[in-house]
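Each chain is listed here by its residues.
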Amino acid sequence: MLYYLAELSQNLSALNLFRYITFRAGGAFFTALIYGFLFGRPLIEMLRVKQGRGQPIRADGPASHLVTKAGTPTMGGLLILSAIVASTLLWARWSNGFVWMVLFVTLGFGLIGFADDYAKVRKQTVAGVSGKVRLLAGFLIALVAAGWAMYLHPADLTGELAFPVFKSALLNLGWFFLPFAMLVIVGSANAVNLTDGLDGLAIMPVMIAAGSLGIIAYAVGREDFSAYLGVHYVPGTGELLIFVAALVGGGLGFLWYNAPPAAVFMGDTGSLALGGALGAIAVATKHEIVLAIIGGLFVVEALSVIIQVAYYKRTKKRVFLMAPIHHHFEKKGWAEPQIVIRFWIISLILAMIGLATLKLR
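A brief structural summary. What you see is a predicted model, and the numbers here were worked out from it, not measured in a lab.

Should their charged atoms come close, side chains of opposite charge can pair. Taken as a whole and judged by the stated rule, the model has seven salt bridges. One salt bridge connects D116 with K120, and the closest N-O pair in it is separated by 3.2 Å. With a gap of four residues between them, D116 and K120 both fall in helix α4 (residues 97–123), about one helical turn apart. Using a relative accessible area of 16% as the deciding quantity, one classes K120 as buried. Across the pair R222 and D224 runs a salt bridge, and its minimum N-O distance is 2.7 Å. The exposure class assigned to R222 is partly exposed, which follows from its relative accessible area of 30%. Linked by salt bridges that have partners in common, D116, K120, R134 and D268 make up one network.

Side chains that are three or four residues apart share a direction in an α-helix, a result of its 3.6 residues per turn. Between its terminal C-alpha atoms helix α10 (residues 267–285) stretches 28 Å, which fits the 27 Å expected from 19 residues at 1.5 Å a residue. Burial runs high along α10: 19 of the 19 residues are buried. Positive phi appears at K286, one or two residues downstream of α10, with a value of about 65 degrees.

Mapped onto the fold, I44 is located in helix α1 (residues 21–51). For I44, a relative accessible area of 2% corresponds to the buried category. Residues I44 and F265, spaced 221 residues apart in sequence, show a C-alpha to C-alpha distance of 9.6 Å. Excluding residues within four positions of it along the chain, I44 makes contact with P73, Y257, A263 and V264.

For the bond from P260 to P261, the omega torsion is -10 degrees, close enough to zero to count as cis. Assignment of secondary structure puts P261 in the loop between α9 (240–258) and α10. The omega torsion across A323 and P324 is 0 degrees, close enough to zero to call that bond cis. Mapping P324 onto the fold places it in the loop between α12 (296–315) and α13 (325–331). For M75, which is not a glycine, the phi torsion comes out positive at approximately 70 degrees. Here M75 is to be found in the loop between α2 (65–68) and α3 (77–91). A positive phi is found at K286, a non-glycine position, where the angle reads about 65 degrees. In this structure, K286 sits in the loop between α10 and α11 (288–294).

Parameters and conventions
- Every residue gets a number counted from 1 within its own chain, in the order that chain's sequence is written.
- Local features in this predicted model are restricted to residues of pLDDT 70 or higher, and side-chain atom pairs are both shown and tallied only at a pLDDT of 80 or more, whereas totals for entire chains, interfaces and linings draw on every residue.
- Calculation of side-chain values draws on the structure's entire complement of heavy atoms; hydrogens and water are dropped beforehand.
- Any Lys or Arg side-chain nitrogen found within 4 Å of a carboxyl oxygen on Asp or Glu counts as a salt bridge.
- Helix numbering and strand numbering both begin at the N terminus, where a helix is a DSSP run of H or I of at least 4 residues and a strand a DSSP run of E of at least 2.
- Working definition: with a 1.4 Å probe on protein chains only, accessible area under 20% of the residue-type maximum means buried, over 50% means exposed, and in between means partly exposed.
- The span one expects for a helix is its residue count, reduced by one, times 1.5 Å.
- Any two residues whose heavy atoms approach within 4.5 Å are treated as being in contact.

Next up, the structure:
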């Protein structure tokens, strides 16, 4: 919204700053961060009163969780989502279709997560909304987003799959791009959801991945940068840096309260929404494969569950002591902060590798 102040720059030259994406990204970051600090504690207290006993804890999980995490309120993702929406609407160009597409996915998956969290808290059980219902709703949202992205992409990139490193290569998926993009968005949402199992574990890797995708979005949205890097130019994606900056600012505001021991959990409200947002940005920027590198931690977490379930069904034995894999390390005796910080380090390394593909030829 504030972008349109630039139209008054002929009367006040300082307003010309609002034309620059980088300036508005900085504004979005600090707006969301301050929002988190201002409204974090009141929201947590409200959730604590409304939820009573807080988020139900898995009986088959690590025994320490029944003591250290019992009674902690959930749905803290509401703080992140409200900060993102308020900040993005304030600083982004409202005429940009990619911004609205990513916001649609974020809020859509946030609504699914909210319904799941609400059912868990109300029934005081770890079983919320049916998994089939969640997946169906997620795929419907992803279908709309995938079609939206295809409409916004330039004609020479519509339905095309781009590759890192081999930047001139494109695979024409045609209408099969729709199911592919749907899998990216839904897969990303659920992978982040599976990662959210320890205090601070999911939010920092999400911010690292989002920050990396924000750099990519800014680069591929500028014709000069994309030409220099040899990546495909996607007009309009640079504005997604505003959304990403708001996500990082809101994420840091949430982490202030989610740092061990957590005063609030983000819940499915936050994890599904943020994961869906990562997938949507990757689809918008034509960097779906790079997302698998940058978000490699989420991929490993999801694969650990898939492997565990598949192997147990065949052999009645387990590959990991417990899945997702962060619980495996808990069972092996690693302290929770040790797991969290080491996973943060891994996320940062993977993000650097993913960003390096921008320059590799």
